[in-house]
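If you want the building blocks of each chain, they are given just below.
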Amino acid sequence: MVSILNTLVSDEVFTECFCCDLQKCKGCCCIEGDAGAPLEKEEIPLLAKYYPIYKEYMTPQGREVIENGTRQAQEGMRFYEVFPLDGSLLTPLINQRDCAYLTPAGEDGVAYCAIEKAFREGKIPFRKPVSCALFPIRVQHYPEYDALNYFHWHICRDAERLGRRKGIPVFRFLKEPLTEVYGEEWYREAEAVYEAVFSPKGT
């Protein structure tokens, strides 16, 4: 682990390579799995505030999940689910599979995040949940620091292979969201750590 400002960062964030290959995976990280993506408590009001805008990019099934709750609780708007084991907040799913916030798959077969699509078109200032923006890094919050770990997932092997071919370590692939979350000073220190400790010799 490496200490950078108020974070402890796993060595794998510097030693592993990663670059999403959407034409191969089709965005399956937003489809596979048995639970939604982690949400921060302060993100819930943002999901509700901007819903009238980004919902236009969502699938009808996704809007139904949000607007009609879940099968277990048909009550009002449901922008999140509560994980029963630990009480953590998660994005809601369609039939326990697809994230409710996905767009319909386009001609390329890729389903994108409706929230990020609205953000990139300049319609809302909220990019998307931070856990999604920082993937494949997963963050654990502690009172005095955040722990940043690389999340290994078999569905991302194409991204790992492409990252190795391009020579892109995980932290560089995530430069934009890491800078947004932790600041420019944090990212400069991450680069300095990489160059001093992890950069392959001769590069």
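The structure we're discussing is the one just above.
About the cut-offs
Residues numbered from 1 in each chain as written. Predicted model: local features only at pLDDT ≥ 70, side-chain atom pairs only at ≥ 80, totals over all residues. Heavy atoms only, no water. Salt bridge = Lys/Arg side-chain N within 4 Å of Asp/Glu carboxyl O. Helix = DSSP H or I, 4+ residues; strand = E, 2+ residues; numbered from the N terminus. Buried < 20%, exposed > 50% of the residue type's maximum accessible area, 1.4 Å probe, protein only. Core = buried A, V, L, I, M, F, W, Y, C linked by side-chain atoms within 4.5 Å. Contact = heavy atoms within 4.5 Å.

A. Fine view of the pattern of salt bridges. Summed over the entire model, instances satisfying the criterion amount to 13 salt bridges. The residue Arg127 makes a salt bridge to Glu116 at a minimum N-O spacing of 3.6 Å. Taken as a pair, Arg127 in the loop between α6 (114-120) and α7 (130-133) and Glu116 in helix α6 lie far apart in primary sequence, 11 residues in all. Residue Asp158 pairs with Arg161 through a salt bridge whose shortest N-O separation is 2.8 Å. Of this pair, Asp158 and Arg161 are both found in helix α8 (residues 157-166), 3 residues apart, which corresponds to roughly one turn of the helix. We classify Asp158 as partly exposed; its relative accessible area is 22%. Take Arg161: its relative accessible area is 40%, and that puts it in the partly exposed class.

B. Main features of the nonpolar core. Core analysis: the largest hydrophobic core is formed by 27 residues, its most contacted members being Ile4, Phe14, Ile137, Phe171, Leu178 and Trp186. Sorting the residues of this core by element identifies β1 (2-4), α1 (12-15), β8 (146-150), α9 (170-173), α10 (175-182) and α11 (184-198) as the ones contributing at least two each. Here this core gets 6 residues from one element, more than from any other, and that element is α11. Excluding its chain neighbours within four sequence positions, the residues that come into contact with Phe171 are Val13, Phe14, Leu178, Tyr187, Ala190, Glu191 and Tyr194.

C. Unusual backbone geometry, seen in detail. Residue Pro136 follows Phe135 across a cis peptide bond; omega there is 20 degrees. Locating Pro136 in the fold gives a position in the loop between α7 and β7 (137-141). Not every positive phi belongs to a glycine, and Leu5 is a case in point at roughly 50 degrees. Looking at the secondary structure, you find Leu5 in the loop between β1 and β2 (7-9). Judged by its relative accessible area of 43%, Leu5 is partly exposed. We note that Asn95 has phi near 55 degrees; this positive angle belongs to a residue other than glycine. Following the sequence through the fold, Asn95 ends up in the loop between β5 (93-94) and β6 (98-99).

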